[in-house]
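Notes for the structure review
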Amino acid sequence: MLPGTAVGLVGPNGAGKSTVLQTMVGLLPPLAGTVTFAGQPVDERSADFRRAVAGVLDDDAFFPSLTGAEHLLLTARAHGVTDAEQVVADELAAFGLTERAGALPSALSSGQRRRLALAGALVRPARLLVLDEPERRLDTAMRRTLADRLAALVAAGATVLFASHDPAFLGTLADAVLVVADDECRLVEPADAVADLREG
Ligand SMILES: Nc1ncnc2c1ncn2[C@@H]1O[C@H](COP(=O)(O)OP(=O)(O)OP(=O)(O)O)[C@@H](O)[C@H]1O
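Looking at an unreviewed UniProt entry, one finds the protein chain named ABC transporter ATP-binding protein, with Modestobacter muralis as its source organism. Recorded in UniProt under Sequence similarities (unreviewed entry), the annotation for the protein chain is "Belongs to the ABC transporter superfamily."

With respect to the side chain of T159
Examined against the element boundaries, T159 turns out to sit in strand β6 (residues 159–163). Relative accessible area serves as the criterion here: at 9%, T159 is assigned to the buried category.

Considering helix α4 (residues 84–94)
An α-helical turn contains 3.6 residues, so a residue and the one three or four places further along point in the same direction. Three or more residues of α4 are buried, namely A84, V88, E91 and L92. Taken around the axis of α4, the buried residues stretch over an arc of 100°, which confines them to a single face. Looking at the buried side of α4, the elements it contacts are α3 (68–78), α5 (110–122) and α6 (140–155). Looking at the residues trailing α4, positive phi occurs at G96, about 65°.

Topic: the sheet that holds strand β1 (residues 6–10)
Here we have six strands laid out as an open sheet, ordered β4-β5-β6-β1-β7-β8, and mixed in their pairing. Strands with a single pairing partner mark the edges of an open sheet, and in this sheet they are β4 (53–56) and β8 (184–188). Within the sheet, the average angular offset between the axes of one strand and its neighbour, ignoring direction, is 15°. Relative to strand β5 (residues 128–132), β4 runs parallel, the two sharing four bridges. Within β5, the residue paired with V53 across the bridge is L128.

Details of the site of the ligand
P12, N13, G14, A15, G16, K17, S18, T19, E133 and H165 make up every residue found near the ligand. Between the ligand and N13, the relevant distance is 3.0 Å, taken from an oxygen atom to a side-chain nitrogen or oxygen of the residue. With the chains in place, 43% of the 640 Å² that the ligand exposes on its own is no longer accessible.

What about the packing of α3 against α5?
Contact geometry of α3 with α5 gives a least axis separation of 9 Å together with a crossing angle of 20°. If you check the angle between α3 and α5, you find them roughly parallel. Seen along the crossing, α3 lies across α5 with a hand that is right-handed. Residues G68, L72 and T75 of α3 pack against L116, A119 and G120 of α5.

Description of the packing of α3 against α4
α4 packs onto α3 with a crossing angle of 130° between their chain directions and a minimal axis gap of 9 Å. The angle between α3 and α4 places the two elements in the oblique class. The hand of the α3/α4 crossing is right-handed. Where α3 abuts α4, its residues A69, L72, L73, A76 and R77 lie against A84, E85, V88 and L92.

Remarks on the pairing of strand β7 (residues 176–181)
In terms of strand pairing, β1 meets β7 through four bridges, oriented parallel. Bridge assignment links L9 to a residue of β7, and that residue is L178. If you look at the hairpin formed by β7 and β8, you'll find two residues sitting between the two strands, and D182 has a positive phi there, around 50°.

A closer look at the packing of aromatic side chains
Considering all chains together, one arrives at two aromatic pairs under this definition. Relative to F169, the ring of F162 lies with its centre 5.8 Å away and its plane at 75°, an arrangement referred to as edge-to-face. For the pair shown, F162 and F169 are each scored as buried.

Cut-off values and rules
Residues numbered from 1 in each chain as written. Predicted model: local features only at pLDDT ≥ 70, side-chain atom pairs only at ≥ 80, totals over all residues. Heavy atoms only, no water. UniProt positions renumbered as here; feature names shortened; annotations may be inferred. Helix = DSSP H or I, 4+ residues; strand = E, 2+ residues; numbered from the N terminus. Buried < 20%, exposed > 50% of the residue type's maximum accessible area, 1.4 Å probe, protein only. Arc of directions from axis to C-beta. Contact = heavy atoms within 4.5 Å. Pairing = 2+ DSSP bridges. Axes fitted to C-alpha atoms, helices over the stretch in contact; angles between N-to-C directions. Near = heavy atom within 4 Å. Polar contact = N/O pair within 3.5 Å; in protein donor to acceptor, adjacent residues only side chain to side chain. Areas by Shrake-Rupley, 256 points an atom, 1.4 Å probe, with all protein chains shown as cover. Parallel < 35°, antiparallel > 145°, perpendicular 65-115°, else oblique. Left-handed = near helix turned anticlockwise from the far one by under 90°. Phe/Tyr/Trp six-rings, centres within 6.5 Å; stacked < 30°, edge-to-face > 60°.

Below is the structure:
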């Protein structure tokens with residue numbers, strides 16, 4: 001994948017989309033071959049790799065005793081964001097979480113937790129975003145807002161790799177679509193051809 005591109009993974013439940021994404025970020029070793037990022041094998045222990053790559057792969061990867069705002073502040077500061085408090089306030093507003101900023105994850109709705117996880121990926125700089133069904137549990141307006149924001153990041157040079165079951169989301173964001181099914185991947189370009197795909 002080149003900088004400034006977005007590729008969407010589509011395919012039926014259980015086809016292996018999440019497994020591909022986890023392999024791309026070094027959480028699972030490939031059975032064969034090598035995954036490289038910027039010319040180096042991916043390694044989540046590498047500080048350079050972790051600085052460059054933001055992922056939302058897990059639904060509930062939160063510390064139970066930190067509020068939403070504290071999660072975002074921790075992430076932003078750990079990634080060296082200057083003016084972290086303002087950036088966090090902006091992300092909370094963008095994801096409609098300002099009024100719930102002081103709530104613990106357990107007190108948020110599942111959609112609000114999803115928004116918090118996505119805000120955590122956007123509160124820090126990243127060259128590559130790896131997102132597993134980012135649209136899941138978001139309402140229609142927030143799906144559109146998120147797709148537009150990710151498209152703007154791609155236009156600014158970021159790379160986005162994501163799995164999705166939402167043709168509208170794919171159509172807005174993806175330059176190309178990788179169909180994962182029957183133990184193989186097939187590349188479909190341009191992405192709006194996805195509207196014609198029929199998932200099994
Ligand atoms: N932790 C695990 N241990 C064993 N098998 C697993 C594990 N996680 C997933 N699998 C299996 O690996 C296959 C691929 O799963 P994966 O989650 O990658 O699919 P997916 O395409 O992301 O599906 P969905 O659209 O439902 O999210 C499935 O057959 C699944 O049952």
